[in-house]
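Examining the three-dimensional arrangement
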Amino acid sequence: MIEVNINCDLGEGTSNEASIMPYIQSCNIACGGHAGNRNTIAEAIQIALKNDVAIGAHPSYPDVENFGRVSMPISNEDLINTIQKQMKLFDEVLSEYDATLHHIKPHGALYNDIAKDDKLAIVFLSAIADYKNRAAIYVPFGSVVAKKALEEGFTIYYEAFADRAYNDDLSLVSRKLPNSLITDKNQVLEQIMHIKNEEAVISINNKAIPMEAATFCVHSDTENAIEIVEFLYKNFQTANIG
């Protein structure tokens, strides 16, 4: 069986953490920007520890209304402040449970924006500079933030989305468009297999675009997320990274 690391964005109000955690290897827990609070962080961390799942922080733009999935105008100072505030809260709860921070994965629009915006990527990396020697960063393959992070000495892991369709430039197909989500578990499996075996993803235009990934994300708010991660768990040998 092929070895695969599956991660999932959790603590976002879907209340399915206990059902998902047994089938994944790493998790990204919302820490108050787009969703989450001290209680939800604590709950998710406890479930992760119980299931031996690597724990990651999932900071975002401070935008609960749009679930952090819309780019927002924000000053560099305010972005740094909100990321550091989210990470401070997350760190405090981690310490309460003597848990270890494995990685940081920016969420939603912030994740997509720093993938292509040099200046914004540098601002984000400066906001998490204190964690450089403590945690890795989950980033998209071929992204600006991946390049900048390596230049600045961060440990990175390339991430691909198992349940999202890709454009030819490796950006994600907008959720406003049809076929942006992949909910058929067999198609999710096929996408992961292709990336692992061929180091390429098949874009929405049916083109093979070079891509590498150490970890694959399934979104917890995908309607059949539990079914998908259980199916993947049964079809892959699990792999931890880092």
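Everything below is about the structure shown above.
Residues numbered from 1 in each chain as written. Predicted model: local features only at pLDDT ≥ 70, side-chain atom pairs only at ≥ 80, totals over all residues. Heavy atoms only, no water.

**Concerning the pattern of salt bridges**
To keep it simple, the criterion reads: Think of a salt bridge as a Lys or Arg side-chain nitrogen and an Asp or Glu carboxyl oxygen that are within 4 Å of each other. Think of it this way: any DSSP run of H or I at least four residues long counts as a helix, any run of E at least two long counts as a strand, and we number them from the N terminus. Only protein chains enter the accessibility calculation, which uses a 1.4 Å probe; a residue is then buried when its area is under 20% of its type maximum, exposed when over 50%, and partly exposed in between.
This structure, assessed with the given rule, holds eleven salt bridges. Between Arg38 and Glu96 there is a salt bridge, with its nearest N and O atoms 3.1 Å apart. In this pair, Arg38 sits in helix H2 (residues 38-50) while Glu96 sits in helix H3 (residues 76-96), placing the two residues 58 residues apart along the sequence. The shortest N-O distance in the salt bridge between Lys148 and Asp118 comes to 3.8 Å. Taken as a pair, Lys148 in helix H6 (residues 144-151) and Asp118 in helix H5 (residues 118-127) lie far apart in primary sequence, 30 residues in all. Given a relative accessible area of 16%, Lys148 falls into the buried group. On the basis of relative accessible area, Asp118 is assigned to the partly exposed category, the value being 38%. Three or more residues are tied together by salt bridges with common partners; here these are Arg38, Lys88, Glu92 and Glu96.

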